[in-house]
Structures are given as structure tokens and as C-alpha cells.
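Tertiary structure, described
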Amino acid sequence: MSKPWYVGYFKGKDWLKNIDYTQEEIKKVLEAAKDLKEKFHKGIPTPYLQGKTLFMLFYNRSLRTRNSFEAGMFQLGGHAHFLSPQDVYTPTLPEDMIPYRTEAISDVARVLSRYGNAIAIRIYGDAAKWFIGRGHKVISEFAKWATIPVLNMEDDVYHPFQALADIMAALEALGWPKDLSGKKFVVSYAYSGGLKPLAVPQSVTLIAAMFGAEVVVAHPPGFELMDDMMKKAKELADQYGGSITISHDMKEAFEGAAFVYPKAWSPRGFFPPYNKVVDKEGAKAYQNRFKNWIVTLGLLEEVGRPYYMHCGPADRGQEVTDEVLDTYEKSLYFEEAENRLHVQKAVMAMTMGEPEK
Ligand code: CP
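Residues numbered from 1 in each chain as written. Predicted model: local features only at pLDDT ≥ 70, side-chain atom pairs only at ≥ 80, totals over all residues. Heavy atoms only, no water.

So, the overall build of the protein chain
Condition: Put simply, DSSP H or I for four residues or longer makes a helix, DSSP E for two residues or longer makes a strand, and each gets a number counted from the N terminus. The reference for a compact globule is 2.2 Å times residues^0.38; the radius of gyration itself is calculated from the C-alpha atoms. Only protein chains enter the calculation, and the probe is 1.4 Å; a residue is then buried if its accessible area is under 20% of its type maximum, exposed if over 50%, and partly exposed in between. In this description, contact between two residues means that some pair of their heavy atoms is separated by no more than 4.5 Å. Areas reported as accessible are Shrake-Rupley estimates using a 1.4 Å probe. Residue values count occlusion only from the protein chains shown. Residues scored as positive are Lys and Arg, those scored as negative are Asp and Glu, and His as well as the terminal groups of each chain are ignored. To locate a charge, take atom NZ for lysine, CZ for arginine, CG for aspartate or CD for glutamate.
Scanning the protein chain from terminus to terminus reveals twelve helices and nine strands. What you see for the protein chain is a C-alpha radius of gyration of 20 Å, in line with the 21 Å of a compact globule of 357 residues. Here the protein chain holds 357 residues, and 59% of them are scored as buried. Within the protein chain, contacts between residues separated by at least 24 positions form 80% of all contacts whose residues are at least 6 apart in sequence. Of the accessible surface of the protein chain, which amounts to about 14,500 Å², a share of 52% is contributed by carbon and sulfur atoms. Averaging the coordinates of the 43 positive side-chain charges in the protein chain and doing the same for the 45 negative ones gives two points 4 Å apart.

Considerations on the site of the ligand
Using the following cut-off: We call a residue near a molecule or strand as soon as one heavy atom of that residue lies within 4 Å of the molecule or strand. Each polar contact in these results corresponds to two N or O atoms within 3.5 Å; when the atoms are within protein, one needs to be able to donate a hydrogen and the other to accept it, and residues that are neighboring in sequence are counted only if both atoms are side-chain atoms.
Taken together, Ser-62, Leu-63, Arg-64, Thr-65, Arg-122, His-159, Gln-162, Cys-311, Gly-312 and Arg-340 are the residues near the ligand. Between an oxygen atom of the ligand and a side-chain N or O atom of Ser-62, the distance comes to 2.7 Å. Between an oxygen atom of the ligand and a side-chain N or O atom of Thr-65, the distance comes to 2.6 Å. When the ligand sits alone it has 250 Å² of accessible area, and the protein chains cover 93% of it.

Remarks on the environment of His-159
Relative to the assigned elements, His-159 resides in the loop between strand S4 (150-152) and helix H5 (160-173). Each C-alpha atom of the pair His-159 and Arg-122 lies 9.2 Å from the other, and the pair is 37 residues apart in sequence. The contact partners of His-159, leaving out residues within four places of it in the chain, are Thr-65, Arg-122, Met-153, Glu-154, Ala-199, Val-200, Ser-203 and Arg-340.

Side note on H5
Stated formally: To estimate the expected span of a helix, count its residues, drop one, and scale the result by 1.5 Å.
In this model, H5 (14 residues) spans 20 Å end to end at C-alpha, consistent with the 20 Å of a helix rising 1.5 Å per residue. Among the 14 residues of H5, twelve are classified as buried, and the element is accordingly described as predominantly covered. Of the positions making up H5, those classed as buried are Pro-160, Phe-161, Gln-162, Ala-163, Leu-164, Ala-165, Asp-166, Ile-167, Met-168, Ala-169, Ala-170 and Leu-171. Among the residues trailing H5, Gly-175 stands out with phi positive, at a value near 80°.

Quick look at the domain arrangement of the protein chain
This is how the line gets drawn: Delimitation of the domains relies on an automatic or database domain assignment. Two parts lose some accessible area (1.4 Å probe) when they are put together, and adding that loss for both gives the buried area. Think of a salt bridge as a Lys or Arg side-chain nitrogen and an Asp or Glu carboxyl oxygen that are within 4 Å of each other.
In terms of domains, the protein chain is made up of domain 1 (18-157 + 340-352) and domain 2 (160-337). Relative placement of domain 1 and domain 2: their C-alpha centres are 24 Å apart. Contacts between the two partners involve 31 residues from domain 1 and, on the opposite side, 44 residues from domain 2. Between domain 1 and domain 2, a total of about 3,100 Å² is buried, with carbon and sulfur atoms accounting for 70% of that surface. Put simply, domain 1 and domain 2 have three salt bridges between them. Ionic pairing is found between Glu-335 and Lys-37, a salt bridge with its closest N-O pair at 2.8 Å. Viewed at the interface, domain 2 and domain 1 are joined by twelve residue pairs in polar contact (both at pLDDT 80 or more).

Notes on the packing of helix H1 (residues 23-42) against H5
As a reminder of what qualifies: Inter-axis angles, ranging from 0 to 180 degrees, are taken between N-to-C directions of lines fitted to C-alpha atoms, where helices are fitted over the stretch in contact. An angle counts as roughly parallel when it lies under 35 degrees, as roughly antiparallel when it exceeds 145, as roughly perpendicular when it falls between 65 and 115, and as oblique in every other case. Any residue outside Ala, Val, Leu, Ile, Met, Phe, Trp, Tyr, Cys, Pro, Asp, Glu, Lys and Arg is labelled polar, Gly included; the first ten of those are nonpolar and the last four are charged.
Between H1 and H5, whose axes approach to 11 Å, the crossing angle comes to 75°. On the basis of their axis angle, the class for H1 and H5 is roughly perpendicular. Contacts from Ile-26, Val-29, Leu-30, Ala-33, Lys-34 and Lys-37 in H1 reach Leu-164, Ile-167, Met-168, Leu-171 and Glu-172 in H5. A per-class count over the contact of H1 with H5 returns eight nonpolar, no polar and three charged.

Considerations on the sheet that holds strand S5 (residues 184-189)
To be explicit about the condition: Strand pairing requires that DSSP identify at least two bridges connecting the strands.
With parallel pairing, five strands are arranged side by side in an open sheet as S7-S6-S5-S8-S9. Strands at the two margins of the open sheet, each flanked by one partner only, are strand S7 (243-247) and strand S9 (307-308). Looking at chain direction, strand S6 (residues 214-218) and S7 are connected through five bridges and run parallel. Residue pairing in the sheet places Val-216 in a bridge with Thr-245 of S7. Here H5 sits on the sheet and contacts S5, strand S8 (259-263) and S9; the angle it forms with S8, its principal contact strand, is near 150°.

Structural notes on the packing of aromatic side chains
Rule in force here: For this analysis, a ring pair means two rings from Phe, Tyr or Trp (six-membered ring only for Trp) whose centres lie within 6.5 Å, classed as stacked if their planes differ by under 30 degrees, edge-to-face if by over 60, and tilted for the remaining angles.
Under the definition given, this model contains 20 aromatic pairs. Residues Phe-270 and Tyr-286 carry aromatic rings whose centres are separated by 5.7 Å and whose planes lie at 40° to one another, so their mutual orientation is tilted. With a gap of 16 residues between them, Phe-270 in the loop between S8 and helix H9 (280-287) and Tyr-286 in helix H9 connect regions that are remote in the sequence. Just as Phe-270 is buried, Tyr-286 falls in that class too. Taken together through their ring pairs, the aromatic side chains of Trp-5, Tyr-6, Tyr-9, Phe-10, Trp-15, Tyr-21 and Tyr-48 make up a single cluster.

A closer look at the pattern of salt bridges
In this structure the tally under the stated criterion is 26 salt bridges. As a salt-bridge pair, Glu-95 and Lys-137 come within 2.8 Å of each other at their nearest N and O atoms. With Glu-95 in the loop between strand S2 (79-83) and helix H3 (105-115) and Lys-137 in helix H4 (residues 134-145), this residue pair connects regions lying 42 residues apart in the sequence. Since its relative accessible area comes to 46%, Glu-95 is described here as partly exposed.

A closer look at the packing of H5 against helix H12 (residues 333-352)
What counts, and what does not: The handedness criterion is simple: a crossing whose near helix is rotated anticlockwise from the far helix by less than a right angle is left-handed, and one whose near helix is rotated clockwise is right-handed.
One can describe the packing of H5 onto H12 by two numbers: an axis separation of 8 Å at closest approach and a directional angle of 115°. Where H5 crosses over H12, the two elements pack in a sense that is right-handed. In contact with Phe-161, Gln-162, Leu-164, Ala-165, Asp-166, Met-168, Ala-169 and Glu-172 of H5, H12 contributes Glu-335, Glu-336, Asn-339, Arg-340, Val-343, Gln-344 and Val-347. Here the contact of H5 with H12 is composed, by residue class, of seven nonpolar, three polar and five charged.

Here it is, written out as C-alpha cells:
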């Protein structure tokens with residue numbers, strides 16, 4: 001069986017964040033994902049990673065990420081191992097090694113590198129002690145020591161595979177234009193009683209900017225994205241012909257949008273390094289002032305019926321009403337979830353595969 005062009009295209013590379021790659025390179029991933037999606041739907045086998053192993057280390061729970069990576073590896077002819085941190089002595093950063101706290105990431109990364117072909121990690125929130133950026137530091141430490149690709153399954157700054165699935169769903173919805181130039185794309189806060197990381201809104205803002213959209217980031221005061229992320233998004237918008245603006249009014253932001261992506265994240269000012277201590281109760285009390293940031297069918301109709309997007313899991317009755325998820329024809333919720341499978345298979349085939357000789 002001959003292998004398609006994309007197998008081994010990024011051989012040996014890590015996938016920690018999409019901004020490590022250019023728009024052209026991300027388009028290659030989407031082309032590969034499109035091919036894999038078509039083959040999946042037609043039942044055409046894609047055994048491009050036969051005999052290969054992915055280690056999946058989950059410090060947090062998951063529905064979509066775990067199952068799409070695991071199913072994806074199986075569909076590519078390989079195998080995925082699920083590892084919960086307690087099963088591998090909770091890999092630890094160097095600064096946490098004294099007093100002794102289980103096994104160093106540098107050792108875990110090098111041991112797993114002797115057994116398989118990539119390590120995928122998810123870590124944010126409680127698992128990263130709610131010190132924003134610590135989860136990304138843990139994944140970067142794995143990448144520093146591993147001699148096989150490291151894949152970011154979501155940390156507290158980035159969720160690259162979610163953003164790839166989302167941009168694929170947006171482009172598909174429009175019939176695969178070359179980018180999103182001229183399209184208003186709103187990344188908005190939506191209320192939840194839970195505490196959620198910044199990874200999704202940041203990664204989606206960055207990729208929408210990379211695809212030339214007119215991006216609006218909408219949120220109540222106190223829900224600012226990280227300064228570095230906004231700066232990078234502005235650079236990408238300038239480079240790719242789009243724009244970035246901020247709004248503090250959900251309805252005003254939604255007016256005339258092609259896409260709205262309303263989801264919860266937590267106010268950074270209650271967590272280090274923006275605050276001296278982790279103040280979860282303070283963050284929840286502050287969030288509770290914004291229960292009116294909910295997406296309803298009426299709102300979507302009023303602002304011109306944009307495509308509705310959400311990474312899942314959506315908090316029904318808080319972020320969005322049941323009828324939007326269950327009846328709105330322009331919801332991309334399940335398409336985005338499905339695309340997680342295809343973009344991850346694409347990146348795994350590209351980074352873990354052996355190119356045709
Ligand atoms: N969107 C996403 O990452 O979903 P899970 O938390 O279910 O993996």
C-alpha cells in the first residue's frame with residue numbers, strides 16, 4: 001500500500017501550539033485531515049502508523065480528547081496507552097523535586113521515548129495548581145526531554161487540536177474557502193459556574209487571526225485573555241490581513257458575525273501569576289455576576305443567524321440553552337467534535353509516521 005504525501009511530513013516534530021507553524025503548514029494539516037475524514041466516511045482503511053504507540057497522559061478528565069486520540073490511533077493501525085498520573089508516579093517539574101515528589105518529568109519522558117512513538121499530555125486547572133502557564137511549562141518540559149514527538153492535548157494556555165478542529169469546521173461550513181478573510185469571527189465569554197482554562201478562547205483567537213478573519217474577542221471586564229496571546233493575535237491579524245478588536249457587549253459583538261464561539265473561561269485576576277494566591281471562590285463569585293452572558297436561539301436569530309461554535313462540553317442552561325444545541329441548524333458543535341478525530345489523525349500521521357521511501 002502506498003502512503004499519502006502527508007505521512008511523515010512533520011516527522012519527529014512536537015505539536016505544543018499551532019503558532020509554531022505557519023498558515024501554509026496548518027493548511028497542510030487540514031488537507032490531510034480532509035483526506036482522512038473522507039476515507040473514514042467511506043470505510044477506506046488508513047494503516048499509516050502500524051506498530052506505533054502513543055502514550056496519553058491525562059492529568060484531567062476528557063470525553064472528546066481521549067476518545068478521539070485513542071480511536072484515531074487504532075484507525076491508523078497503531079495503539080494508544082491511557083496513563084493517569086498516579087499510574088506513572090505523577091511526573092514532576094524540577095522545582096518540585098525537593099522534598100522528593102515521585103519521578104522527574106525528564107526521566108519519565110526519556111523512559112517513554114524508549115518504548116513508543118509519541119507522548120500526548122493534558123494538564124490545566126487543579127492539576128497545574130491553577131498557576132496559569134504552569135500546565136504549559138509541564139508539557140514543554142516533556143518536550144525538552146522526550147526524543148519522540150510531544151502533543152499538547154490541552155494545557156492552561158493552548159488547546160491546539162481543538163483550534164485545528166474548529167478552523168476545519170468553519171472552513172467546511174463555508175465550502176472550503178482559502179481562508180476566513182472578510183468574515184467576522186467572535187470569540188466570546190459565556191457564563192458557567194465552573195472554572196475553565198483560557199486555552200480554548202486563546203487558541204481559537206490565534207487560529208482565526210491566522211486565517212485572516214475579522215476577530216472580535218468579547219467578554220465582561222476582568223475576563224481578558226493573556227496579554228502575550230492578544231499581542232500575538234494582533235501580529236497574526238496584521239500578517240494575514242485580518243483584524244482583532246475587543247468588545248464588552250455580547251449582542252453588539254455578535255451583530256453581523258459569520259461565526260460566534262461563546263464559551264466560558266475564568267477571570268485571570270484571581271489566579272497566579274496575576275494574583276498572589278489561588279482564589280477559586282472569589283473567581284466563582286465574580287463569574288456569577290455575568291449569568292446574562294448566555295446564548296439563546298432568540299439572540300442568534302436577532303443578530304443574523306451566525307454559525308454557532310463550541311468546543312464541548314457545553315454547559316447547558318449556563319453557556320447556552322438546550323434549544324440552540326438541539327435545534328439550531330447552524331450549530332457546528334458536533335462537527336467540531338468529529339473533526340478532533342480527523343485533525344489529530346492528520347498530525348499523528350504527519351509527526352509519527354515514516355514517509356514513503
Ligand atoms: N473539547 C475538549 O477538549 O473536550 P474534552 O474535555 O471532552 O476532551
